[in-house]
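These are the residues of each chain, in order.
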Amino acid sequence: QVQLVESGGGLEQPGGSLRLSCAASGAIFNIFRMNWYRQGSGKQRELVAGIVPGGPTTAPDSMKGRFTISMDSAKNTVHLQMNNLKPEDTAVYYCNALIRPQDGGPTYSYWGQGTQVTVSS
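The structure reproduced in this document is the subject of the present report. (Residues numbered from 1 in each chain as written. Predicted model: local features only at pLDDT ≥ 70, side-chain atom pairs only at ≥ 80, totals over all residues. Heavy atoms only, no water.)

Notes on the environment of Glu 12
You can see Glu 12 is positioned in strand S2 (residues 10-12). Spatially, the C-alpha atoms of Glu 12 and Lys 86 are 9.2 Å apart, while their sequence positions differ by 74 residues. Contact partners of Glu 12, with chain neighbours within four places excluded, come to Ser 17, Leu 18, Leu 85, Thr 118, Val 119 and Ser 120. (Helix = DSSP H or I, 4+ residues; strand = E, 2+ residues; numbered from the N terminus. Contact = heavy atoms within 4.5 Å.)

Quick look at the structure:
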């Protein structure tokens, strides 16, 4: 069974920084892509950034500049460095990964449980 576990959320003041981490574990055959999404209260879930192991990163224009995604492929872990945080960044941040499990089953999109990020003075 594959699991994604996020960590690093919390309360931060405007202008501050937080680093989120997400570790994928379990019977993993291959990770094709890892992403960070976020969902603010009353809003739709939106893509923050994505990364292909050993490959390029992608992010919507609105997320570029303050958010940086990186991946430690050896540890199946993805990070999201968030700088110059703003109150509008307040949301639950979700890790998502496209993974082929070891049991020979189909590639599947897995989600973590989410971690709350609150930006407030």
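Structure's up, so let's keep going.
As for the pairing of strand S7 (residues 67-72)
Residues of S7 alternate between two faces, with Phe 67, Ile 69 and Met 71 buried on one and Thr 68, Ser 70 and Asp 72 left unburied on the opposite face. Judged from the 6 bridges that link them, S7 and strand S8 (residues 77-82) form a sheet pairing that is antiparallel. Bridged to Asp 72 within S8 is Thr 77. What sits between the antiparallel neighbours S7 and S8 is a turn of 4 residues, in which Asn 76 has the positive phi angle 50 degrees. (Buried < 20%, exposed > 50% of the residue type's maximum accessible area, 1.4 Å probe, protein only. Pairing = 2+ DSSP bridges.)

Considering unusual backbone geometry
The phi dihedral of Asn 76 falls on the positive side, at around 50 degrees, and the residue is not glycine. Along the chain, Asn 76 falls in the loop between S7 and S8. A relative accessible area of 24% places Asn 76 in the partly exposed class. For Asn 84, which is not glycine, the phi dihedral falls at a positive 45 degrees.

Focus: the environment of Thr 118
Summarising the element assignment, Thr 118 is placed in strand S11 (residues 115-119). Sequence separation between Thr 118 and Ser 21 is 97 residues, and the spatial gap between their C-alpha atoms is 16 Å. At a separation of 3.3 Å, a polar atom in the side chain of Thr 118 contacts the side chain of Gln 116. (Polar contact = N/O pair within 3.5 Å; in protein donor to acceptor, adjacent residues only side chain to side chain.)

Section: the state of the cysteines
Scanning all chains against the criterion turns up 1 disulfide. Across a sulfur-sulfur distance of 2.1 Å, Cys 22 and Cys 95 are joined as a disulfide pair. Torsion about the S-S bond of the Cys 22 and Cys 95 cystine: about -80 degrees, corresponding to left-handed handedness. Here the residue Cys 22 occupies a position in strand S3 (residues 18-25), and Cys 95 occupies one in strand S9 (residues 91-101), the gap between them amounting to 73 residues. (Disulfide = S-S within 2.5 Å.)

A look at the packing of aromatic side chains
Summed over all chains, the structure comprises 2 aromatic pairs. Note on Tyr 37 and Trp 111: the rings are 5.1 Å apart at their centroids and 55 degrees apart in plane angle, and the pair reads as tilted. Remark: Trp 111 occurs in strand S10 (residues 108-111) and Tyr 37 occurs in strand S4 (residues 28-39); sequence separation between them is 74 residues. Tyr 37 sits in the partly exposed class, given a relative accessible area of 21%. One residue, Arg 45, lies across the ring of Trp 111, its end atom 4.7 Å from the ring centre. (Phe/Tyr/Trp six-rings, centres within 6.5 Å; stacked < 30°, edge-to-face > 60°. Lys NZ or Arg CZ within 6 Å of the ring centre and 35° of its normal.)

So, the pattern of salt bridges
The full count for this structure, using the stated rule, is 4 salt bridges. The partner of Arg 38 in a salt bridge is Glu 46, and the shortest N-O contact between them spans 2.7 Å. The shortest N-O distance in the salt bridge between Asp 89 and Arg 38 comes to 2.9 Å. Placement of Asp 89 in the loop between S8 and S9 and of Arg 38 in strand S4 is noted, with a sequence separation of 51 residues between them. Both residues of the pair, Asp 89 and Arg 38, belong to the buried class. (Salt bridge = Lys/Arg side-chain N within 4 Å of Asp/Glu carboxyl O.)

Nothing here speaks to function; it is geometry throughout.
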